[in-house]
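Chain and residue survey
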Amino acid sequence: MTVATSARDASGADLDPASLVEAERVHRRAYVDPEIFELEMDLIFGRSWIYVGHESQIPQAGDYFTTQVGRQPVIMTRHTDGQIYVLENRCPHKGALVCPERAGHSRPFVCMYHGWSFDGDGALRSVPARSGYEGTSFDPKDPANGLKQLPRVQNHRGFIFASLAADGPDFKTWAGKGLRGLDNLVDRAPAGEVEVIGDCYRTVQNNNWKIFLDNMSDGMHTSFVHNQMAKAAQKTIARTAVRRPGGLDVAAMLAGEPEQMARMDLVAHPGGHFDMVAFAPPPSGPDADQYKASMEAFHGKERAEAILKESYHSVLMFPTLVMQQSLQQMRVIRPISANKTLLEIWVFCLKGAPESFVRRAVTGGNVGNSPSNVVAADDFESYYRVHAGLESPQTDWVLLHRGARQDVPQGSSIKGGDGNSEVCMRNMFHAWRDYMTAQ
Amino acid sequence: MSTIEQTLKLTRSEAEDLLFRQAEYLDSRDFNAWLDLFTDDGSYWIPHRPTDTDPETQMSFMFDDVPMMMARCERLLDPRTMGQLPPTRSSHVVSNVQVLGTNGDGELIVRSRFHVTQFRRDTLKFYAGAYTHHLVGSPDAVRIQRQRVDLIDCDGIHDTILQVYL
């Protein structure tokens, strides 16, 4: 095929991303090629809405959190006006990072190199010894000469997203149906908002970021990759009383037969987003009853029931945000290179929920997503092997055929014929191709 | 007072014997013997941040009670566990051992430093930090009530998931 040949043989100069994605196959170069990665940073991470952080990370004026939007280091700040700003973490003078720490409190921000200072909205506050700029094109008294604000920032119910592009679809258009998973997480808080628990975990996977995202809608892998851990959890539960709900009891559920995952609803949305329903049962007991009562008091009985019925195990807002609502966890991807992906992993508490819900979420985070977790420890092995396999040059295509003839349209979304369908991976790569070929 | 008479006392050398034995169990992958060193309600905690105080409500790098330790050891010993193909090898050096005394709960507190090297699939990885052991029992049957492991890079970026205890 000419398409395959051109993709394989193309030098960087005539690289054609459109040729890397077919209806049911993806070329290996989409995953492993460093030139493709650079294009992704420009065309996807430079244009899309990227998750930055949650407002509960920076409750007080002067609080800040630093991270990356694509290749751009940024500072998320709370200014004295109470508003949240996302600023380039780069001194306008010589380019130094103004905030070297991951999080903290600073009023004003002062660059360590020559003492330039900035307000929480980025405005240039002062340049020490202003003399010497007379007659130049730089005005040290102009507040606009400070830390640049990112062109677009959106606070959706406490979740801060930003875009490096001044133009493009607005947040709601970009999110579309993909927003229902995020909204469901917030709706599950009896006080109407969520809050981060402590600091995020940061783990690095030695694989392309899309190998990880593929896995997020891959129900089928659980029966194989997590089988031993699930059996170990089941064996332990049979031998001893489990004292911390949300850990071993959840891990024990990962060893179902592939048919178990087939029963899960899997829906792909425009823009590459998707959601997969939860398979872990909701908490039970007196605290769960109290939680349900407070949900009904806040939302009304009918609405509360609808919210609790709509429960997700895995949600992707392409390209950066992966949520596990039923575990109150969120993983944010920050790609470093074609073969390295940083994850920021947050655990949330539902404000107004019983204390035991916090403990349950903390236990789930420890067991499932910490730097010592027993779930991704096995996933990392498959990510490594997939990436290493895709580095091999002789065979080009990754196969995403499963379920392609069983797709069920749902408005503008597509429901997989069953929970083992590869519909969400196909959908993600079709969105990827749209980003990569947009003018 | 009788409670003081029942309190565990160890010389530094006796404390070292326990720490060295515990390290050797891990390095020889004798995870069941390692597990038997803990009391039934024992715990093993690697804080996520140096200042953390409460693993029940704060995120941890690792926080295992005995059921979780049992499951983790079970996973490590299953020859088909994906993340242990190939298995992790480790080598401990434990040093700077200090017997600090007894706390209000009658636990003997022993502080030490460690350097652990782990090897898996062509990659060496280093872990360094401090152990704080809370010990109970009698000198010939010492058990670990709590072990705190403070990694110097607990809040850093980690490109390997820690699978074998430190």
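Residues numbered from 1 in each chain as written. Chains lettered and ligands numbered in written order. Predicted model: local features only at pLDDT ≥ 70, side-chain atom pairs only at ≥ 80, totals over all residues. Heavy atoms only, no water.

The Sequence similarities (unreviewed entry) comment attached to chain A in UniProt states, word for word, "Belongs to the bacterial ring-hydroxylating dioxygenase alpha subunit family." (UniProt positions renumbered as here; feature names shortened; annotations may be inferred.)

1. Section: the overall build of chain A
Counting its secondary structure elements, chain A contains 15 helices and 22 strands. Scaling as 2.2 N^0.38, a compact globule of 439 residues should have a C-alpha radius of gyration of about 22 Å, and chain A matches this with 23 Å. Considering only C-alpha atoms, chain A reaches an extent of 75 × 65 × 40 Å along its principal axes. Of all 439 residues assigned to chain A, the portion counted as buried reaches 57%. Surface accessibility of chain A: about 17,600 Å² in total, with carbon and sulfur atoms responsible for 51%. Averaging the locations of the 45 positively and 51 negatively charged side chains of chain A gives two centres separated by 3 Å. (Helix = DSSP H or I, 4+ residues; strand = E, 2+ residues; numbered from the N terminus. Rg over C-alpha atoms; globule rule 2.2 N^0.38 Å. Buried < 20%, exposed > 50% of the residue type's maximum accessible area, 1.4 Å probe, protein only. Areas by Shrake-Rupley, 256 points an atom, 1.4 Å probe, with all protein chains shown as cover. Lys, Arg positive; Asp, Glu negative; His and termini not counted. Charge placed at Lys NZ, Arg CZ, Asp CG, Glu CD.)

2. So, the interface of chain A and chain B
Listed as interface residues are 43 residues of chain A and, on the opposing side, 39 residues of chain B. Here chain A packs against chain B, burying approximately 3,700 Å² in sum over the two surfaces, 56% of which is carbon and sulfur. Considering only the side of chain A, the residues that lose the most area to chain B are A:Gln228, A:Arg244 and A:Pro371, jointly responsible for 18% of the buried surface there. Linking chain A with chain B are eight salt bridges, by the criterion used here. The tally of links from chain A across to chain B stands at 20 residue pairs in polar contact (both at pLDDT 80 or more). Elements with a contribution of two residues or more to the side of chain A that touches chain B: strand E13 (201-205), helix H7 (221-225), helix H8 (227-239), strand E19 (340-350), helix H13 (355-369) and helix H14 (376-390) of chain A. (Contact = heavy atoms within 4.5 Å. Buried area = accessible area lost by both parts, 1.4 Å probe. Salt bridge = Lys/Arg side-chain N within 4 Å of Asp/Glu carboxyl O. Polar contact = N/O pair within 3.5 Å; in protein donor to acceptor, adjacent residues only side chain to side chain.)

3. Focus on the pairing of strand E10 (residues 152-156) of chain A
Residues and elements named next belong to chain A. Direction of pairing for E10 relative to strand E11 (residues 159-163): antiparallel, over a ladder of five bridges. Bridge pairing links Arg152 to Ser163 in E11. Joining the antiparallel neighbours E10 and E11 is a turn of two residues, in which Arg157 adopts a positive phi near 55°. (Pairing = 2+ DSSP bridges.)

4. A look at the domain arrangement of chain A
Residue and element names in this part refer to chain A. One can read the domain layout of chain A as domain 1 (50-163) and domain 2 (175-437). For domain 1 and domain 2, the distance between their C-alpha centres works out to 33 Å. When domain 1 packs against domain 2, the two sides together hide about 1,600 Å² of surface, and 59% of this comes from carbon and sulfur. Of all residues in domain 1, Tyr51, Arg102 and Arg157 bury the most surface against domain 2, accounting for 37% of the area lost on that side. Salt-bridge contacts for Arg157 lead to Asp187; the nearest nitrogen and oxygen are separated by 2.7 Å. Among the elements of the structure, strand E2 (50-54), strand E3 (63-69) and E11 are those that each provide at least two residues to the side of domain 1 that touches domain 2. It is E2 that provides the largest number of residues to the side of domain 1 that touches domain 2, a total of four residues. For the side of domain 1 that touches domain 2, the class distribution of residues is six nonpolar, six polar and three charged. (Domains from an automatic or database assignment. Nonpolar A, V, L, I, M, F, W, Y, C, P; charged D, E, K, R; others polar.)

5. Notes on the nonpolar core
Counting 112 residues, the largest nonpolar core has A:Phe159, A:Phe161, A:Met330 and A:Trp432 as the members making the most contacts within it. Of all the elements, helix H15 (residues 423-437) of chain A adds the most residues to this core, at eight residues. If you look at the next biggest cluster of nonpolar residues, it comprises 41 residues, including B:Leu26, B:Phe31, B:Phe61 and B:Leu166. (Core = buried A, V, L, I, M, F, W, Y, C linked by side-chain atoms within 4.5 Å.)

6. Comments concerning the environment of A:Val374
Counting through the fold element by element, A:Val374 comes out in the loop between H13 and H14. Between the C-alpha atom of A:Val374 and that of A:His226, which follows or precedes it by 148 residues, the distance is 8.8 Å.

7. Description of the UniProt feature "domain: Rieske" (unreviewed entry) in chain A
Taken from the UniProt record, the annotation "domain: Rieske" (unreviewed entry) applies to residues 50-162 of chain A. Helix makes up 0% of residues 50-162 of chain A and strand 38%, with an end-to-end C-alpha separation of 5 Å.

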